[in-house]
Amino acid sequence: MLALMDRATTLWRIPVVGRAKGRVIRRLIERRRPTRAIEIGSLLGYSAILIAGTLPPRGRLTCLESNPYLAKFVKSNAEVAGLGRRVKVVAGDALRIIPLLSGRFDFVLIDAAKEDYLDYLRQLEPKLVPGAAVVADNTGVFRREVAPYLEHVRDANGRWQSRAYDFGDDAIEVSIFRA
Ligand SMILES: C[S@@+](CC[C@H](N)C(=O)[O-])C[C@H]1O[C@@H](n2cnc3c(N)ncnc32)[C@H](O)[C@@H]1O
């Protein structure tokens, strides 16, 4: 499924995390073995399938997608990939939904409105377990829009330990919550 999506998204230049960043995300999940993941911005479900397919057997992923039409696609693509039981999709604006979520998360992918990255994170912080990993996509291409987010996670006196992964044409930021 991901190989097929890789070809289609490259051909049509659809903005998904893609193979190179996907490898880093996969390694991170394999190393840390999170069980309660959340994704902000799912589009067609590429990153959702990547994350849910790498989580350990009892792992679950909640996807927040503001476009209800796309949210249905994410759900059906996850089902086609055999991950329907692991992936829950909530349609709506993440900034309205996050405060309503119960429980705590140990893995996050932020990949929705770039200027809102810091707001998503601030809403999520009380819902993260110590050691939770947060991946922010497009921190190279949209470095100006995500500057407040990067300042927050890179603050030496803050609650985060953070590093950038540079892919030449773009970057991701991987931040570990110290609590
Ligand atoms: C770059 S795409 C996500 C790509 C996806 N993570 C992947 O790699 O397969 C961004 C998505 O975020 C969604 N989005 C934008 N603002 C949002 C918000 N406030 N809440 C939830 N989703 C949002 C858009 O509808 C779009 O589908």
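The preceding data block contains the structure.
Rules of the game
- Residues numbered from 1 in each chain as written.
- Predicted model: local features only at pLDDT ≥ 70, side-chain atom pairs only at ≥ 80, totals over all residues.
- Heavy atoms only, no water.
- Core = buried A, V, L, I, M, F, W, Y, C linked by side-chain atoms within 4.5 Å.
- Buried < 20%, exposed > 50% of the residue type's maximum accessible area, 1.4 Å probe, protein only.
- Helix = DSSP H or I, 4+ residues; strand = E, 2+ residues; numbered from the N terminus.
- Contact = heavy atoms within 4.5 Å.
- Polar contact = N/O pair within 3.5 Å; in protein donor to acceptor, adjacent residues only side chain to side chain.
- Near = heavy atom within 4 Å.
- Areas by Shrake-Rupley, 256 points an atom, 1.4 Å probe, with all protein chains shown as cover.
- 1 Å grid on protein atoms, 1.4 Å probe; cavity = no way out; pocket = protein on both sides within 12 Å on 5 of 7 lines; lining within 4 Å.
- Sits in = over half its atoms within 2 Å of the grid points.
- Pairing = 2+ DSSP bridges.
- Axes fitted to C-alpha atoms, helices over the stretch in contact; angles between N-to-C directions.
- Phe/Tyr/Trp six-rings, centres within 6.5 Å; stacked < 30°, edge-to-face > 60°.
- Lys NZ or Arg CZ within 6 Å of the ring centre and 35° of its normal.

Engineer: Got a minute to help me understand the nonpolar core in this structure?
Structural biologist: Across soluble globular proteins, nonpolar side chains show a tendency to be buried alongside one another. In this structure, I25, I51, L61, V87, F107 and V135 are the most contacted members of the largest nonpolar core, which totals 30 residues. Considering each element in turn, this core owes the most residues, six residues, to helix α3 (residues 46-54). Every residue in contact with L61, bar those within four places of it in the chain, is listed here: A37, I38, E39, A48, I51, A52, L55, R86, V87 and K88. Counting 25 residues, the second largest nonpolar core, distinct from the first, contains I98, F105, Y117 and Y149.

Engineer: I tried to follow the side chain of H152 on my own but got confused; where do I start?
Structural biologist: Along the polypeptide, H152 turns up in helix α7 (residues 147-154). Engagement of the side chain of H152 in a polar contact is seen with the side chain of E125, the distance being 2.8 Å. The contact partners of H152, leaving out residues within four places of it in the chain, are L118, L121, R122, E125 and W160.

Engineer: How do you make sense of the site of the ligand when you look at a structure like this?
Structural biologist: The full set close to the ligand counts 19 residues, and V17, S47, E65, A94 and D111 are the nearest of them. Note that a nitrogen atom of the ligand is positioned 2.9 Å from one of the backbone N or O atoms of G41. A total of 610 Å² of accessible area belongs to the ligand in isolation, and the protein chains cover 87% of it. Given that more than half its atoms are within 2 Å of the pocket grid, the ligand belongs to the largest pocket.

Engineer: Can you walk me through the sheet that holds strand β1 (residues 36-40) in this structure?
Structural biologist: Through backbone hydrogen bonds, the strands of a sheet pair up, either in parallel or in antiparallel fashion. Read from one edge of the open sheet, seven strands run β3-β2-β1-β4-β5-β7-β6, paired in mixed fashion. The open sheet is flanked by β3 (87-91) and β6 (160-166), the only strands paired with a single partner. Across this sheet, the average inter-strand angle for adjacent strands is 15°, counted without regard to direction. Note: strand β2 (residues 60-65) against β3, five bridges, orientation parallel. Residue pairing across strands places T62 opposite K88, the latter belonging to β3.

Engineer: Would you mind showing me how to read the packing of aromatic side chains here?
Structural biologist: Aromatic ring pairs are defined here through the distance separating the ring centres and the angle between the ring planes. Scanning the entire structure with this criterion turns up four aromatic pairs. Consider the rings of Y117 and Y149, whose centres lie 5.7 Å apart with planes at 80°: the pair is edge-to-face. Of this pair, Y117 sits in helix α6 (residues 117-124) while Y149 is found in helix α7, placing the two residues 32 residues apart along the sequence. What makes Y117 buried here is its relative accessible area of 0%. Classification of Y149 as buried rests on a relative accessible area of 1%. The ring of F105 is capped by R36, whose NZ or CZ atom sits 4.4 Å from the centre of that ring.

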